[in-house]
Structure formats: C-alpha cells, structure tokens
2 protein chains.
Amino acid sequence: VRFVADPVALFKDVTLIICAVPTQYIRAALERLKPHVPPAVPIVSIAKGIEISTLKRPSQIITELLGSRFIAALSGPSIAGELARGLPATMVVATEGGNGEFAKWMQELFTTSFLRIYRNDDLLGVEFAGALKNVIAVAAGILDGMRAGNNVKAALLARGLVEITRLGVAMGAKPETFAGLAGLGDLVTTCFSPEGRNRSFGQRVGQGEKPQVVLASMVGVVEGVPTCESVVRLARALRIEMPIAESLHGVLFEGLNPRSQLADLMARESKAEMQERNAGG
Amino acid sequence: VRFVADPVALFKDVTLIICAVPTQYIRAALERLKPHVPPAVPIVSIAKGIEISTLKRPSQIITELLGSRFIAALSGPSIAGELARGLPATMVVATEGGNGEFAKWMQELFTTSFLRIYRNDDLLGVEFAGALKNVIAVAAGILDGMRAGNNVKAALLARGLVEITRLGVAMGAKPETFAGLAGLGDLVTTCFSPEGRNRSFGQRVGQGEKPQVVLASMVGVVEGVPTCESVVRLARALRIEMPIAESLHGVLFEGLNPRSQLADLMARESKAEMQERNAGG
C-alpha cells in the first residue's frame, strides 16, 4: 500500500479501485476526486453503512457520482487485525445479478491461502446486511457494558437478525443473504470481538457514559450510530416493526436509559416466536 | 428443589415432570422409573441430543416409554450460571402443533421477571436444533483451541447453521426454528460462553489433546460427541451435504488432525454462496 496525496498520481494506470471511505464521507470524497477518476474502472466498496441524508447504499452513492460501471461490495466477518496476521477467514464479494464474469474475477483476485471468497449476486442485500448489523452490534456492546450476560446477548443476536432481515427484505434483499456470511457471519464477529468499534462504543454507553461524550472521545467513525438513525427512519416510513433498533434509538438520540429500555424489551407481551417474527414483514 | 431417592415419593402429587436426564441415558432412567410415573402428567424435556442407537429425539423416547401425553421441550440460550444469578434471558417452549392451551400454560409457568418465554409449535425442529448446535459448538471450541480467530469462528457459525438447518428441514423441521432462539440463539451462547461443556471439550481437542483422553477426564456428558455420530449417520443416509459435521467426525472418531481438517474446509472449491447453501437441501 502506497499513500499518495496527488489525485492524478493516485489513479494513474489503475485497473481496480477499492473504496474504503466511511459511508457518510463517500459523497464528499468522491466529489473532490471525481475529475480524476478514470471511467469504466471497476470499484469495490468496503463501507458498511447507509447515507443519512439520502438513505442510499455505498454502491448507489458511487454510481450517482461516478457514473455506471462494474461495482462490487466486499463484506463478511473480517476483523482487520486477524486478516493482517494471516488467520483464516471467509468473505463475500457481491455484485449485481448478471455480472457473473466480473464476480468471478473479483473472487479470484481476493482469494488467498487463508481467505476464502464466496460470490453473492444480491448486492443490495449484502450492503444492507453490512450496515444493519452495526446497529445490533452497538446494542450488543451496551449489554456487555451492563454485564447482562451471554444468554440475553444471544437472544439479541437472534432477534436482531430477524428484525434487520425484515427491513432488508422489505427493501428488496434476499433473506438468504442475511442468514449468510455478510449477515449472520459478520454480525457474530462484530458482536463478540473485543476490537469492534461499534461494540466497544456500545460497551461504554452500557457502563453509563453519555453516547455523545463517548463519540466525541473516539477517533474515527462508529458506523452503527448514524445507521441507527437511518434505519429507524426507514422502518417508520415502511411501518416495519424493529423493537431493538427503536430501543437503541431511544438510548442514542432520546436520552433514554439502557436499563429501562432492556426491561421494556423483556416485558413485551409474550407471543409465539413465529407470529412475532412474521409481524410486519 | 428437593432430592428424593425413593421413586414413589418422587412422583407423589406431581402436576408436571421436568426431565433433565442427558439424552443417551433417558431410556435407562425411564425404564427404571416407568412403574412409578403417573399417567397423563405432562412432561417437559430439557435434554439436547439424539439417541445414538435409535436416532430418536428426547420427546420420542419419553413417549415410547411412558405413553402418549402432553410433552414440551424447553430450549434456547440459557447458560445455567447466568439464570441462577437472575440475569435476563429468553427461552422457547415447544409443543406439538394443536396443543395451544398446554403451550400457553407452559409459557406462563416458566415466565419470570427476568425470563421471557416464546411459544413454538415445531417440537421436532426445536429438539433437532438443540441437539445439532452442540456439534457446531464442539467445532467452535476446536477453533478456539487452535487460536484461529473470530473471523473463521463466525464463518463456522454461519455455515454451520446452514448445514444443520439443511438436515433439520430434511427431517421435517421448520427453517424458522433454526433461525430463532432455539437454533441461532442457542448456537451463539454455546459457541461463545467459556462455561459451555461442548465448547470447552473442543477447545482442549484444538490444543492438541486426544478426544478420548479429554472425554475420559471430564465429569458428565458432552452431548455434541454422540450427537456428531448420530448426525453424520443421518446425513449420509439422507445424502445431505454436511462438511463441518463430517470434518468434526474425522477429528473425533477417525483420528484426523484438526489443522488439516480446517485447511481442507478452507480449500473447498470456491462457489457462489447460495448455490452451496441450497445444495442437497
């Protein structure tokens, strides 16, 4: 990896562009770089979020600003520190359906002896899954901070996956994508790895710190926070039941107490498991 | 809880029986107790396994020995130590479809201020999910013992859930059951909680100890080990692809090395994520 300050030199002779800008900054970054980005060069996005102002996915922002071209999203359980140490991992490369040859090229390009790449033609679903799991990860971190235990954290993951799948499917995603590496797989690492930013942020909130104070003290972006805002706006507009995201919204943006929010979630009317899962979706 | 050595005193005036005997010992225990068990009293089973000799589920063994009566299975993410400390948790009470009033009674009976109970009418699915997740938990423990990292462990959970769902559905389970608390939820706690027996057993195997030596040194039952044997027999008979269970079988019963088994899993031909998921199921 070379760092280059000059945008002309940056894009000289490139055959593939990897866009690693956090979601809320992609628009500004690309507006600046746009005059220098060569046409037709494929772009791989690794951002996991939804733009607050427009509710767009990273690949949509890229296409809007740079024009139609091959775009892939690389996602899945991939803590950077583990990859850097050559520990085994799996990821998903997602493209729009019908771009099979491009997908196979991406798959070969990123495959190594320790990294197994799966293809997925549900680009929308992979991007939504990657964004939405950060919301659940913040909530999981809050449970960690409250020392609430692994029983309820496992329930949060299972029920959280149900509600983010519900939203994703309403937006056009395939449910299998959420059950796969980019959904469940990434959710698991993000909720259990100590180094995850979203989980760590949540943990401090669960220990009693104010969300805005924690955010101000952290370097870089906690994608789950703006994504929670986007998600709750989407869910309310589409009338989709997302009790965990709503509870988290209360903690992050409405000054509500994590303990009372958890108690409210636990006290919801007892239901059949399937009934509740299917409600609203 | 009172401990009683006299079977007549044990069953005097009971209105509900909770059967907490490990799966492989239910038959022997009930054969001994059978003359004393009152007819028509409902039974709740909390065992998570499949009987090796018959491939039967706990509720099937109970019905075979004690005759037809209301039977429920109580399952889900429920580490005992956390429940004992009053930490919040969720569980599923499963009954055969059509036993709605019995299910509601069970739900009310087990609900407390810190334990939320969901009803599920897929008794077969809940019992299979509870048994099969122990197989994945042993494999997760092996990865822990090898210090393979959370990226690959998350992939194991996601791919493992896919393959145990495939077998469960072939046996007549609802796929939603595996995506719910008794499937995914229980899988998550079992794979991540340090105190889990199946995970701890796997961890020692991953550190290089021989499976039979570890088993001999442990007090009590590691349900995932006999279940792995049952599962692989079932999968082979039904021609269902279960690469993780097969790999684990190699380590537990065929003397194969965990590192080479993991390398083989990682080197399997690259595929599209959905293609592979749908194969055989």
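This one's a predicted model, so the numbers in the text were calculated from it and none came from an experiment.

Asks: Explain the overall build of chain A here, please?
Replies: Secondary structure summary: chain A contains 15 helices and five strands in total. Considering only C-alpha atoms, chain A reaches an extent of 60 × 40 × 40 Å along its principal axes. Taken across its 281 residues, chain A has 57% of its residues classed as buried. Across chain A, every contact between residues at least 6 apart in sequence was considered, and the portion connecting residues at least 24 apart equals 75%.

Asks: I'm lost on the sheet that holds strand 4 (residues 89-95) of chain A in this one. Help?
Replies: Strand pairing in a sheet relies on backbone hydrogen bonds. The paired strands run either parallel or antiparallel. All names here are of chain A. Taken in spatial order, the five strands line up as 1-2-3-4-5 in an open sheet, and their pairing is mixed. Looking at which strands have only one partner, the edges of the open sheet turn out to be strand 1 (17-19) and strand 5 (115-120). Taken over all neighbouring pairs, the strand axes of this sheet differ in orientation by 25° on average, direction set aside. Pairing between strand 2 (residues 43-45) and strand 3 (residues 71-75): three bridges, direction parallel. Directly across from Ser-45, in strand 3, lies its bridge partner Ala-73.

Asks: Sorry if this is basic, but what is going on with helix 9 (residues 181-192) of chain B here?
Replies: Quick reminder: α-helices carry 3.6 residues per turn. Residues three or four places apart thus point the same way. Most of helix 9 of chain B is tucked away: 12 of the 12 residues are buried. Leu181(B), Ala182(B), Gly183(B), Leu184(B), Gly185(B), Asp186(B), Leu187(B), Val188(B), Thr189(B), Thr190(B), Cys191(B) and Phe192(B) are the residues of helix 9 of chain B that are buried.

Asks: Any chance you could explain helix 12 (residues 224-238) of chain B here in plain terms?
Replies: End to end, helix 12 of chain B covers 20 Å across 15 residues, agreeing with the expected 21 Å (1.5 Å per residue, within 8%). For helix 12 of chain B, every residue scored as buried is listed here: Gly224(B), Val225(B), Pro226(B), Thr227(B), Cys228(B), Ser230(B), Val231(B), Val232(B), Leu234(B) and Ala235(B).

Asks: Just to check I follow, could you spell out the packing of aromatic side chains for this structure?
Replies: The way to describe two aromatic rings as a pair is by their centre distance and the angle between their planes. Taken as a whole, this structure holds five aromatic pairs over all chains when the rule is applied. Relative to Trp105(A), the ring of Phe102(A) lies with its centre 6.2 Å away and its plane at 55°, an arrangement referred to as tilted. Residue Phe102(A) and its partner Trp105(A) are both found in helix 5 (residues 100-110); the two are separated by three residues, about one turn of the helix. Arranged with centres 4.0 Å apart and planes meeting at 15°, the rings of Phe192(A) and Phe192(B) form a pair that is stacked. Taken together, the positions of Phe192(A) in helix 9 (residues 181-192) and Phe192(B) in helix 9 put the pair across two chains. The buried category is assigned to Phe192(B), whose relative accessible area is 14%.

Asks: How should I be thinking about the sheet that holds strand 3 (residues 71-75) of chain B in this particular structure?
Replies: Residue and element names in this part refer to chain B. Taking strand neighbours across the sheet as the criterion, the five strands line up as 1-2-3-4-5 in an open arrangement whose pairing is mixed. Each of the sheet's edge strands pairs with one partner strand only, and the pair in question is strand 1 (17-19) and strand 5 (115-120). Adjacent strand axes in the sheet meet at a mean angle of 25°, parallel and antiparallel pairs treated alike. The pairing of strand 3 with strand 4 (residues 89-94) spans three bridges and is antiparallel. Each bridged residue has a counterpart across the sheet, and for Ala-73 the counterpart in strand 4 is Ala-94.

Asks: When you look at the side chain of Asn151(A) in this model, what are you seeing that I'm missing?
Replies: Note that Asn151(A) resides in helix 7 (residues 150-171). Those residues in contact with Asn151(A), other than ones at most four positions away along the chain, are Pro77(B), Ser78(B), Ile79(B), Glu82(B), Leu83(B), Pro88(B), Ala89(B) and Thr189(B).

Asks: I'm lost on the confidence of the model for chain A in this one. Help?
Replies: Parts of the prediction with low pLDDT should not have their coordinates interpreted in detail. All names here are of chain A. Across chain A, pLDDT averages 92, with 96% of residues at or above 70. Here residues 276-281 scores under 50 on pLDDT; set against residues more than four positions off or in separate chains, the count is 17 contacts. Among the scores for the predicted complex, ipTM is 0.89 and pTM is 0.91.

Asks: Help me out: how do you make sense of the pattern of salt bridges in this one?
Replies: Between side chains of opposite charge, a pair can form as their charged atoms come close. Residue and element names in this part refer to chain A. Applying the stated criterion across every chain, the model contains 24 salt bridges over all chains. Between Lys-174 and Asp-121 there is a salt bridge, with its nearest N and O atoms 2.8 Å apart. Of this pair, Lys-174 sits in the loop between helix 7 and helix 8 (175-179) while Asp-121 sits in the loop between strand 5 and helix 6 (123-145), and the two are 53 residues apart along the sequence. Notably, a salt bridge pairs Glu-209 with Arg-204, separated by 2.9 Å at the nearest N-O pair. With a relative accessible area of 30%, Glu-209 lands in the partly exposed category.

Asks: Help me understand the relation of the copies chain B and chain A in this model?
Replies: Two chain copies here: they are related by a rotation about an axis and a translation along the same axis. Rotating chain B by 180° and moving it 0.0 Å along the rotation axis overlays it on chain A with an RMSD of 0.0 Å. Taken together, the rotation and translation describe the operation of a two-fold axis. When you check the interface residues of chain B against chain A, 100% turn up at the interface there too, and the contact is symmetric in its surfaces.

Asks: Please clarify how the packing of helix 6 of chain A against helix 7 of chain A should be interpreted in this entry.
Replies: To characterise two packed helices, one gives the angle between the axes of the helices and the distance between these axes. Residues and elements named next belong to chain A. Contact geometry of helix 6 with helix 7 gives a least axis separation of 9 Å together with a crossing angle of 150°. Here helix 6 is positioned roughly antiparallel relative to helix 7, judged by the angle of their axes. Helix 7 is crossed by helix 6, and the crossing has right-handed handedness. Contacts between helix 6 and helix 7 involve Leu-124, Phe-128, Leu-132, Lys-133, Ile-136, Ala-139, Ala-140, Leu-143 and Asp-144 from the first element and Val-152, Lys-153, Leu-156, Gly-160, Ile-164, Leu-167, Gly-168 and Met-171 from the second. Its residues assigned to classes, the contact of helix 6 with helix 7 shows 12 nonpolar, two polar and three charged.

Asks: I would appreciate a short explanation of the interface of chain B and chain A in the present structure.
Replies: How big an interface is tends to be expressed through the accessible area that disappears when the partners come together. Contacts between the two partners involve 55 residues from chain B, matched on the other side by 55 residues from chain A. Both sides together, the interface formed by chain B and chain A hides about 4,400 Å², and carbon and sulfur atoms give 58% of it. Linking chain B to chain A there are zero salt bridges. Across the contact surface, chain B and chain A share 10 residue pairs in polar contact (both at pLDDT 80 or more). Elements with a minimum of two residues in the side of chain B that touches chain A: helix 4 (80-84), strand 4, strand 5, helix 7 (150-171), helix 8 (175-179), helix 9, helix 14 (258-266) and helix 15 (273-278) of chain B. Sorting elements by how many residues they give to the side of chain B that touches chain A places helix 7 of chain B first, with nine residues. For the side of chain B that touches chain A, the residue count by class is 30 nonpolar, 13 polar and 12 charged.

Asks: I keep staring at unusual backbone geometry and nothing clicks. Help me out?
Replies: Most of the time, phi is negative for any residue but glycine, and the peptide bond is trans. Residues and elements named next belong to chain B. Positive phi values are uncommon outside glycine, yet Arg-147 reaches one of about 55°. For Arg-147, the location among the structural elements is in the loop between helix 6 (123-145) and helix 7. The backbone phi angle of Arg-239 is positive, close to 55°, even though this residue is not glycine. For Arg-239, the position within the fold is in the loop between helix 12 and helix 13 (243-253).

Asks: Sorry, what's going on with the pairing of strand 5 of chain A here?
Replies: Across a regular strand the side chains alternate sides, sitting on one face of the sheet and then on the other. Residue and element names in this part refer to chain A. By the criterion of burial, strand 5 is predominantly enclosed, with six of the six residues buried. Because side chains alternate across strand 5, one face comprises the buried residues Leu-115, Ile-117 and Arg-119, and the other comprises Arg-116, Tyr-118 and Asn-120, equally buried. Across six bridges, strand 4 lies against strand 5 in parallel orientation. Residue pairing across strands places Met-91 opposite Ile-117, the latter belonging to strand 5. For the crossover from strand 4 across helix 5 to strand 5, the handedness is right-handed.

Thresholds applied
- Residues numbered from 1 in each chain as written.
- Chains lettered and ligands numbered in written order.
- Predicted model: local features only at pLDDT ≥ 70, side-chain atom pairs only at ≥ 80, totals over all residues.
- Heavy atoms only, no water.
- Helix = DSSP H or I, 4+ residues; strand = E, 2+ residues; numbered from the N terminus.
- Buried < 20%, exposed > 50% of the residue type's maximum accessible area, 1.4 Å probe, protein only.
- Contact = heavy atoms within 4.5 Å.
- Pairing = 2+ DSSP bridges.
- Axes fitted to C-alpha atoms, helices over the stretch in contact; angles between N-to-C directions.
- Expected span 1.5 Å × (residues − 1).
- Phe/Tyr/Trp six-rings, centres within 6.5 Å; stacked < 30°, edge-to-face > 60°.
- pLDDT = per-residue confidence, 0-100.
- Salt bridge = Lys/Arg side-chain N within 4 Å of Asp/Glu carboxyl O.
- Least-squares fit on C-alpha atoms with pLDDT ≥ 70 in both.
- Parallel < 35°, antiparallel > 145°, perpendicular 65-115°, else oblique.
- Left-handed = near helix turned anticlockwise from the far one by under 90°.
- Nonpolar A, V, L, I, M, F, W, Y, C, P; charged D, E, K, R; others polar.
- Buried area = accessible area lost by both parts, 1.4 Å probe.
- Polar contact = N/O pair within 3.5 Å; in protein donor to acceptor, adjacent residues only side chain to side chain.
- Right-handed = clockwise from strand over helix to strand, strands pointing away.

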